[in-house]
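Residue-level structure breakdown
Here is what each chain is made of, one letter per residue.
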Amino acid sequence: MSVTIRPAEKSDVRSVAELIEEIERFYGTTDADIQPFDERQAQVEEALFGSPPLASALLVEDEAGDIVGLAAYSYLWPSAGSTHSLFLKELYVRDTLRRQGIGVRLMNELRAIADARPGCSRVEWMTDRVNPDARAFYQALGFEEHEGKVVYRAIVGTA
């Protein structure tokens, strides 16, 4: 199947909000914990198209025009020295399209975006230790896992 990888546009908000529910279910979120669609859609619009936007996304669009994958990212500063880094928050390709090179294309596109941005010194991301498929995917691309950092998370508010 042929797909197109392109930046998200404001007209994609609904499709991205729908895909996020699919991603949540992939990670095991139960029906009771799925955010109401209207809230999710508003948050997607604010994150990608607010002033200023909080994030960016590359979308995978299939031949029928359906959004079947995404790479959501933002920039972090400071990174090495005073540079910044592109931080990949989510890489997702619908299960029926996995192992067809789409994830590789997304990673290559992210690296090109980072390389083209002055002052961006690296691309960083995380995956769960209990996700062997994701870990194998990144290792097959030649990326090494780094030990050294411990991730902390503080939940705030109701969001």
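See the structure shown above.
So, here is what we can say about the structure in this document.

1. Topic: helix α3 (residues 102–116)
Helix length check: α3, at 15 residues, gives a terminal C-alpha distance of 21 Å against a target of 21 Å (1.5 Å per residue), a fit within 8%. Buried within α3 we find Ile102, Gly103, Leu106, Met107, Leu110, Ile113 and Ala114. Buried residues of α3, seen end-on, are gathered within an arc of 140° and therefore sit on one face of the element. Among the exposed residues of α3, those oriented more than 90 degrees off its buried face are Asp115 and Ala116. Where α3 is buried, its residues contact β1 (3–7), β2 (56–62), β3 (67–76), β4 (84–93), β5 (120–125) and α4 (132–140).

2. Details of the nonpolar core
Among the nonpolar cores identified, the biggest contains 23 residues, and Leu58, Leu86, Leu106 and Leu110 are the most heavily contacted of them. For this core, the elements supplying multiple residues, two or more each, are β1, β2, β3, β4, α3, β5 and α4. In terms of residue count, α3 provides more of this core than any other element does, 6 residues in total. Setting aside chain neighbours within four positions, we find Leu106 in contact with Ile5, Leu58, Val60, Leu70, Ala71, Leu91 and Val93. Core analysis: the next-biggest nonpolar cluster, separate from the first, contains 13 residues, Leu19, Ile23, Val44 and Ile67 among them.

Thresholds, definitions, all that
- Residues numbered from 1 in each chain as written.
- Predicted model: local features only at pLDDT ≥ 70, side-chain atom pairs only at ≥ 80, totals over all residues.
- Heavy atoms only, no water.
- Helix = DSSP H or I, 4+ residues; strand = E, 2+ residues; numbered from the N terminus.
- Expected span 1.5 Å × (residues − 1).
- Buried < 20%, exposed > 50% of the residue type's maximum accessible area, 1.4 Å probe, protein only.
- Arc of directions from axis to C-beta.
- Contact = heavy atoms within 4.5 Å.
- Core = buried A, V, L, I, M, F, W, Y, C linked by side-chain atoms within 4.5 Å.

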